[in-house]
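Given next are the chains, with one letter for each unit.
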Amino acid sequence: MDELFLRFGDLPLHPLAVHFAVVLLPLSAIVFIVTVCWPKFRDKFLVTSIVGLGVSVPAVYVSSQSGKAFQEVVGNPGVHAQLGDSMMVLSIGMFAVAFAYWLAVKKNLAKPIVYVLSFIGISVAIAVIVMIVLIGHSGAAATWSSVLG
């Protein structure tokens, strides 16, 4: 077991780390969607969303690793762990597409390229939001279903 990812002080790290990723990643994805759909927000918030997505990648990594360490102590949460494993790839993909979109806009590339990146970016952002909800729900169900009956 990797003690580095198990505890933060006397508390388990996973529930703490997860809340950082669960807030920052979907919020940054929503801001990205807004900046793509409404150009008047692009100048103000596109870079902010990309920074948020970039910071989300290590947050998702810590959440994933702490979840694996926590799993060794409390047992396998089933679907929650399976869904959680996919989030790292999805968060990196979201950051990469958003960054590519920013470059395309900044370099004033051809509109078809920007449109394709817009479509891919919005699609991945929606996938990120849906996956966060599914992972969160399955984690809550794994934690509280036996308590609440």
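Criteria and thresholds
- Residues numbered from 1 in each chain as written.
- Predicted model: local features only at pLDDT ≥ 70, side-chain atom pairs only at ≥ 80, totals over all residues.
- Heavy atoms only, no water.
- Helix = DSSP H or I, 4+ residues; strand = E, 2+ residues; numbered from the N terminus.
- Buried < 20%, exposed > 50% of the residue type's maximum accessible area, 1.4 Å probe, protein only.
- Contact = heavy atoms within 4.5 Å.
- Areas by Shrake-Rupley, 256 points an atom, 1.4 Å probe, with all protein chains shown as cover.
- Lys, Arg positive; Asp, Glu negative; His and termini not counted.
- Charge placed at Lys NZ, Arg CZ, Asp CG, Glu CD.
- Phe/Tyr/Trp six-rings, centres within 6.5 Å; stacked < 30°, edge-to-face > 60°.
- Polar contact = N/O pair within 3.5 Å; in protein donor to acceptor, adjacent residues only side chain to side chain.

Q: Help me understand the overall build of the chain in this model?
A: In terms of helices and strands, the chain carries 4 helices and 2 strands. The order of α-helices and β-strands along the chain, N terminus first, is β-β-α-α-α-α. C-alpha extents for the chain along the principal axes are approximately 55 × 30 × 20 Å. Within the chain, the fraction of its 149 residues that count as buried is 36%. Partitioning the contacts of the chain with sequence separation of at least 6, the portion at a separation of at least 24 is 78%. About 8800 Å² of surface is accessible on the chain, with carbon and sulfur atoms providing 72% of the total. Put simply, the chain has 8 plus and 6 minus side-chain charges, and the middle of one group is 25 Å from the middle of the other.

Q: What is the right way to look at the packing of aromatic side chains in this model?
A: Think of a pair of aromatic rings as described by two things: how far the centres are apart, and how the planes are tilted against each other in angle. By the definition in use, this model includes 5 aromatic pairs. Considering the side-chain rings of Phe32 and Tyr101, the 5.6 Å spacing of their centres and the 85° angle between planes classify their relative orientation as edge-to-face. With Phe32 in helix H1 (residues 13-37) and Tyr101 in helix H3 (residues 79-106), this pair connects stretches of sequence that are 69 residues apart. For Tyr101, a relative accessible area of 0% puts it in the buried group. Among the aromatic residues, those joined into a ring-pair cluster are Phe95, Phe99 and Trp102.

Q: I tried to follow the side chain of Ser56 on my own but got confused; where do I start?
A: Looking at the secondary structure, you find Ser56 in helix H2 (residues 39-74). Residue classification places Ser56 among the buried positions, given a relative accessible area of 0%. A distance of 2.7 Å separates the side chain of Ser56 from the backbone oxygen of Gly52, its partner in a polar contact. The residues contacting Ser56, other than those within four sequence positions of it, are Leu24, Leu25 and Ser28.

Q: Hey, could you run me through unusual backbone geometry in this one?
A: Apart from glycine, the bulk of residues carry a negative phi angle, and the bulk of peptide bonds sit in the trans form. One non-glycine residue with positive phi stands out, namely Asn108, at about 55°. Considering the arrangement of structural elements, one finds Asn108 in the loop between H3 and helix H4 (111-148). Relative accessible area serves as the criterion here: at 68%, Asn108 is assigned to the exposed category.

Everything listed here is a matter of geometry and, on its own, says nothing about what the molecule does.
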